[in-house]
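# Remarks on the overall topology
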Amino acid sequence: MTQGNVCILDYQAGNIQSMYSAVRYLGVEPRIISKVEEIELCDRLIFPGVGDAQFASEAIQSTGVYDAIRAFVATGNPLLGVCVGAQLLLSSSEEGGAKGLDIIPGLVKRFPKSVGKIPHMGWNQIAIVQEHPILDEVSNEKEVYFVHSFYMDPSNKEHIVTETEYNIRFASSIAHENVFGTQFHTEKSGMTGLKILHNFLMN
Amino acid sequence: MLCKRLIVCLDVRDGKTTKGVKFQDNQDLGDPVSMAKKYYEMGVDELVFYDITASVERRTLFIDVLEKITRQVFVPFCAGGGVASVEFARRILLAGAEKVSVNTQAVQNPQLIGDIARRFGSQCVVLGMDVARSNATSSGIEVYTHGGRKATGIDALEWAGRAEELGAGEIVINSIDADGTKDGYDCEVTQKINQRVTIPTVASGGAGNAQHIVDVLGHANAALVASIVHYGTHSIPQIKRYILEKDIPVRMS
């Protein structure tokens, strides 16, 4: 399969420049899309996100993007959600009561104060708990970059691909069929992040 | 386990990297884009760019530099210097920065922290604090503004706590006393401010060798370096190997 029409969804809630640059660096010219009707024209969709889940959730609900993303997923084409974009794959979030896409059942929870400094900010390891093609040639326990105050808690452990330890152990990557979500920033995680993005684009 | 971060700081003036001692006597060190790329390839965890250009018109040059860095550097970076509005913060973030740093303007208008945090999330608001030991405040640490030139009478611990409440996601503690001395970070000042907040802190000012970094990482989540790597006396891999040997978790790429 060629990478086809790779699109990055710009829903005005986060910074897409880094993702755009990382995909281009990997030799693929992505399209930045912001209109609902453009989503069905994508062959691969990246759903990025930095920022506030509630703001993101409201932005995509009000513009009908939710339904368009669900329809895209139903076609079987690959979707990659990153950070808030991964959190929104779940059912709902404690962050402002944000409603999720509910593609993967589960909740987004606030880190308890007992974990330490919040946000969980910096480089931390991903323990691979389930093999997945997107992690091809990514060795276990590699460091990737996180910035988040809320973590993903899928209801079904089978959806967890990697876990990370920050005084509690949380799901740092989740997957279901053609959908993959990373809590960490693939576009800012050095060679490891670029490898994961490469696998998403090429597999 | 969360790693401690090694951050390289580049002061940018008129599109060139510069470095001064005690905030003065700046020297031209070269192109920030190629320097950023070099540090990225050597395994730096994060970069910070401060625009110290005096004139507002030259700001566009700084944004251009950030955009070029975004195309080649795939680790996070923070940028700041004269950020006085949500709109300018937005330009920095849209250029590809993960975080935006506010300093003097946040002291003058603390709501700036909250305004940026509400729009883009706390995780991208970094408070830069230039601090010095002083008898003028109850904690013995005073906040300075205007690149460390102007004393404010504000207690650094109070300001750090207030900034966290307003929505700052990280604090860079820059010791004016230690900056440029190469005698080590001001660990005591760093520790006091670090203990006052629950958000991550970055120690800045005074690094002369890898042991200084190890010393301060007991009191902060990250250490910022400039001269020791800019002038080539130390390299990123060498510093990181040393940190790791001291059993401090650090990313070895």
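All figures in this text were calculated on a predicted structure; none of them were measured in a lab.

Turning our eyes to something else, we now look at the overall build of chain A. Across its full length, chain A carries six helices and 12 strands. Scaling as 2.2 N^0.38, a compact globule of 203 residues should have a C-alpha radius of gyration of about 17 Å, and chain A matches this with 15 Å. Out of the 203 residues belonging to chain A, those deemed buried represent 60%. Counted over contacts in chain A with a minimum sequence separation of 6, partners at least 24 positions apart contribute 69%. Within the structure as shown, chain A displays about 7,600 Å² of accessible surface, and the carbon and sulfur contribution to it stands at 48%. In chain A, which carries 15 positive and 23 negative side-chain charges, the distance between the mean positions of the two groups comes to 5 Å.

Residues of helix 6 (residues 156-166) of chain B that are buried include every one of B:Ala156, B:Leu157, B:Trp159, B:Ala160, B:Gly161, B:Ala163 and B:Leu166, and no others. Near the N-terminus of helix 6 of chain B, the side chain that reaches the backbone nitrogen of B:Leu157, with its oxygen 2.8 Å away, is that of B:Asp155.

As a further point, take the packing of helix 5 (residues 111-120) of chain B against helix 6 of chain B. Residues and elements named next belong to chain B. Two numbers describe how helix 5 lies on helix 6: the axes approach to 8 Å, and their chain directions differ by 30°. Between helix 5 and helix 6, the angle falls in the class roughly parallel. Here helix 5 runs over helix 6; the crossing is right-handed. The residues of helix 6 that touch helix 5, namely those facing Gln-111, Ile-113 and Gly-114, are Trp-159, Arg-162, Ala-163 and Leu-166. Of the residues that constitute the contact of helix 5 with helix 6, the class distribution is four nonpolar, two polar and one charged.

Time to look at the side chain of B:Arg5. Structurally, B:Arg5 can be placed in strand 1 (residues 5-13). Excluding residues within four positions of it along the chain, B:Arg5 makes contact with A:Met121, A:Gly122, A:Trp123, B:Asp45, B:Glu46, B:Lys99, B:Glu170, B:Pro200, B:Leu217, B:Asn221, B:Ala222 and B:Ala223.

Moving on, we come to helix 1 (residues 32-41) of chain B. All names here are of chain B. Within helix 1, burial applies to Pro-32, Val-33, Met-35, Ala-36, Tyr-39 and Tyr-40. The buried residues of helix 1 all sit within an arc of 165° when viewed along its axis, so they share a single face. Two to three positions downstream of the cap, the backbone nitrogen of Val-33 sits 3.2 Å from a side-chain oxygen, assigning the N-cap of helix 1 to Asp-31. Gly-43 sits one or two positions beyond helix 1 and adopts a positive phi of about 100°.

At the junction of the two partners, chain B supplies 36 residues and chain A supplies 30 residues. Interface of chain B and chain A: buried area, both sides summed, is about 2,800 Å²; carbon and sulfur atoms make up 57% of it. The largest contributions to the chain B side of the interface with chain A come from B:Leu2, B:Phe74 and B:Gln123, which together make up 26% of the buried area. Taken together, the links from chain B to chain A amount to one salt bridge. In this structure, A:Lys188 and B:Glu98 form a salt bridge, with 3.5 Å as the shortest nitrogen-oxygen distance. The tally of links between chain B and chain A comes to 14 residue pairs in polar contact (both at pLDDT 80 or more). Broken down by class, the residue content of the side of chain B that touches chain A amounts to 19 nonpolar, eight polar and nine charged.

Moving on to the side chain of A:Arg44. Residue and element names in this part refer to chain A. Mapped onto the elements of the fold, Arg-44 is located in strand 3 (residues 44-47). As a buried residue without a salt bridge, Arg-44 has its nearest oppositely charged side chain in Asp-43, at a separation of 7.2 Å. A distance of 3.3 Å separates the side chain of Arg-44 from the backbone oxygen of Leu-201, its partner in a polar contact. Polar contacts involving the side chain of Arg-44 include one to the main-chain carbonyl oxygen of Asn-203, which spans 3.2 Å.

Okay, the packing of aromatic side chains next. Residues and elements named next belong to chain A. Summed over all chains, the structure comprises 10 aromatic pairs over all chains. On the numbers, 5.8 Å between centres and 70° between planes, the contact of Phe-146 with Phe-184 is edge-to-face. In this pair, Phe-146 sits in strand 8 (residues 142-148) while Phe-184 sits in the loop between strand 12 (179-182) and helix 6 (190-202), placing the two residues 38 residues apart along the sequence. For the pair formed by Phe-146 and Phe-184, the shared burial category is buried. For the pair Tyr-151 and Phe-170, a centre-to-centre distance of 6.3 Å together with 55° between the ring planes defines the contact as tilted. Separated by 19 residues along the polypeptide, Tyr-151 in strand 9 (residues 150-154) and Phe-170 in strand 11 (residues 168-176) bring together distant segments of the chain.

What counts and how
Residues numbered from 1 in each chain as written. Chains lettered and ligands numbered in written order. Predicted model: local features only at pLDDT ≥ 70, side-chain atom pairs only at ≥ 80, totals over all residues. Heavy atoms only, no water. Helix = DSSP H or I, 4+ residues; strand = E, 2+ residues; numbered from the N terminus. Rg over C-alpha atoms; globule rule 2.2 N^0.38 Å. Buried < 20%, exposed > 50% of the residue type's maximum accessible area, 1.4 Å probe, protein only. Contact = heavy atoms within 4.5 Å. Areas by Shrake-Rupley, 256 points an atom, 1.4 Å probe, with all protein chains shown as cover. Lys, Arg positive; Asp, Glu negative; His and termini not counted. Charge placed at Lys NZ, Arg CZ, Asp CG, Glu CD. Polar contact = N/O pair within 3.5 Å; in protein donor to acceptor, adjacent residues only side chain to side chain. Axes fitted to C-alpha atoms, helices over the stretch in contact; angles between N-to-C directions. Parallel < 35°, antiparallel > 145°, perpendicular 65-115°, else oblique. Left-handed = near helix turned anticlockwise from the far one by under 90°. Nonpolar A, V, L, I, M, F, W, Y, C, P; charged D, E, K, R; others polar. Arc of directions from axis to C-beta. Buried area = accessible area lost by both parts, 1.4 Å probe. Salt bridge = Lys/Arg side-chain N within 4 Å of Asp/Glu carboxyl O. Phe/Tyr/Trp six-rings, centres within 6.5 Å; stacked < 30°, edge-to-face > 60°.

Spatial relationships are all this shows, so hold off on functional conclusions.
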